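One-letter residues, chain by chain:
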Amino acid sequence: MFREKGNNLKRRRYLLFLFQEFSKIIPLCDEEISSNGPDQLKAKLLKATFLVLTKQLPQALQLLSDVIGEAKEDTEKKITVNALVKRGSLYIQQCQDPQNDAKLSFADFNRAADLDPSNADVFFNRGQINLLMDKFDNAKEDLAKASELRPDFALANVQNLYTQFLASQVSNDASKRDDLEKSFKEVIDKYPDCIESYALLAKVNQESGKLQEADELYKKGHAKNPESA
């Protein structure tokens with residue numbers, strides 16, 4: 001009879017343990033909220049985060065709005081900014097009214113950026129929305145800012161380079177592509193465990209017709225994390 005390898009069995013047990021522990025989080029948040037505990041605002045934010053992760057988006061949106069309305073910007077700025085970033089992302093995800101959703105999303109991100117201009121997450125996430133909306137110049141600016149604020153933020157650095165590549169395609173500026181490919185390789189050397197580096201450089205190679213190089217990069221990324229979809 002087939003017996004599961006030791007490492008795989010340990011991983012499955014660990015994931016089961018995590019699932020069992022995570023399942024307690026929302027009830028514990030509800031307990032803190034219903035008792036008007038000192039950390040009820042943080043509990044609402046944490047519950048909203050797990051509602052997002054479990055795809056309960058309308059409930060998450062409402063709870064994030066409650067947090068934003070209740071938090072004091074002067075003393076609870078981090079909570080406000082975190083909730084704004086999450087709600088801004090949710091507006092885009094709900095796909096109800098593309099124009100209005102984008103307007104609401106950018107309003108949240110702009111407010112978050114005003115409240116905490118040194119928060120790399122704000123600029124990274126707003127950059128992603130700009131990228132989604134094909135606003136390459138704004139995306140480049142935001143992702144460059146995120147990379148500047150957090151040089152150790154691997155994903156921001158990778159997305160920054162990829163956005164520059166997309167912008168070079170739009171402007172048909174082939175002269176920048178070699179430099180960008182070189183910068184990508186430097187990022188991979190610097191952040192060898194960031195599989196997005198391999199995937200995005202592979203896409204750059206695909207667009208440049210370098211299919212063999214792209215295939216090798218996908219293989220390397222898969223080797224780093226075989227369970228990544």
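Analysis parameters
Residues numbered from 1 in each chain as written. Predicted model: local features only at pLDDT ≥ 70, side-chain atom pairs only at ≥ 80, totals over all residues. Heavy atoms only, no water. Helix = DSSP H or I, 4+ residues; strand = E, 2+ residues; numbered from the N terminus. Buried < 20%, exposed > 50% of the residue type's maximum accessible area, 1.4 Å probe, protein only. Contact = heavy atoms within 4.5 Å. Lys, Arg positive; Asp, Glu negative; His and termini not counted. Charge placed at Lys NZ, Arg CZ, Asp CG, Glu CD. Phe/Tyr/Trp six-rings, centres within 6.5 Å; stacked < 30°, edge-to-face > 60°. Axes fitted to C-alpha atoms, helices over the stretch in contact; angles between N-to-C directions. Parallel < 35°, antiparallel > 145°, perpendicular 65-115°, else oblique. Left-handed = near helix turned anticlockwise from the far one by under 90°. Salt bridge = Lys/Arg side-chain N within 4 Å of Asp/Glu carboxyl O.

An account of the overall build of the protein chain is requested, with residue identities and associated values reported.
Helices and strands together make up the secondary structure of the protein chain, namely twelve helices and zero strands. Reading the protein chain from its N end, one meets helices and strands in the order α-α-α-α-α-α-α-α-α-α-α-α. Counting only C-alpha atoms and orienting by the principal axes, one finds that the protein chain spans roughly 60 × 60 × 35 Å. Split into buried and exposed, the 229 residues of the protein chain put 40% on the buried side. For the protein chain, contacts bridging at least 24 residues in sequence account for 46% of all contacts bridging at least 6. Within the protein chain, the 36 negative side-chain charges are centred at a point lying 5 Å from the centre of the 33 positive side-chain charges.

How would you sum up the packing of aromatic side chains? Please name residues and give values.
Enumeration over the complete set of coordinates arrives at two aromatic pairs. Each ring, one from Phe124 and one from Phe153, has its centre 5.0 Å from the other, and the planes form 45°; the classification is tilted. In this pair, Phe124 sits in helix α7 (residues 120-132) while Phe153 sits in the loop between α8 (136-149) and α9 (154-170), placing the two residues 29 residues apart along the sequence. Each member of the pair Phe124 and Phe153 is classed as buried. Look at Tyr162 and Phe165: their rings are 6.2 Å apart centre to centre, the planes differ by 25°, and that puts the pair in the stacked class. Pair noted here: Tyr162 and Phe165 are both in helix α9, with a separation of three residues, about one helical turn. Phe165 shares its class with Tyr162; the two are buried.

Describe the environment of Ala120, listing the residues and the values that go with them.
Relative to the helices and strands, Ala120 is located in helix α7. Relative accessible area serves as the criterion here: at 4%, Ala120 is assigned to the buried category. Spatially, the C-alpha atoms of Ala120 and Lys145 are 7.3 Å apart, while their sequence positions differ by 25 residues. In contact with Ala120, other than residues within four places in its own chain, are Ala146, Leu149, Arg150 and Phe153.

Summarise the packing of helix α6 (residues 98-115) against α7; cite the residues concerned and give the values.
Two numbers describe how α6 lies on α7: the axes approach to 10 Å, and their chain directions differ by 155°. In terms of axis orientation, α6 runs roughly antiparallel to α7. You can see that α6 and α7 cross each other, and the crossing is left-handed. Note on element contacts: α7 touches α6 through Val122, Phe123, Asn125, Arg126, Ile129 and Asn130, opposite Ser105, Phe106, Phe109, Asn110, Ala112 and Ala113.

Break down unusual backbone geometry for me, with residues and values.
Here Asn36, not a glycine, exhibits a phi torsion of approximately 55°, which is positive. Positioned with a positive phi, Lys55 is a non-glycine residue whose angle comes to about 65°. Tracing the backbone shows Lys55 in the loop between α3 (40-53) and α4 (57-70). Taking relative accessible area as the criterion, Lys55 reaches 66% and is therefore assigned exposed.

Let's hear about the pattern of salt bridges: which residues, and what values?
Inspection of every chain in the model, using the stated rule, returns eight salt bridges. Between Arg126 and Asp142 there is a salt bridge, with the nearest N and O atoms lying 2.8 Å from each other. Remark: Asp142 occurs in helix α8 and Arg126 occurs in helix α7; sequence separation between them is 16 residues. Just as Arg126 is buried, Asp142 falls in that class too. The residue Glu216 makes a salt bridge to Lys219 at a minimum N-O spacing of 3.9 Å. Of this pair, Glu216 and Lys219 both sit in helix α12 (residues 211-224), three residues apart, which is roughly one turn of that helix.

Tell me about the side chain of Ser147, and name the residues and values.
Here Ser147 shows up in helix α8. Not counting the four nearest positions on each side in its chain, Ser147 is found in contact with Ala156, Asn157 and Asn160.

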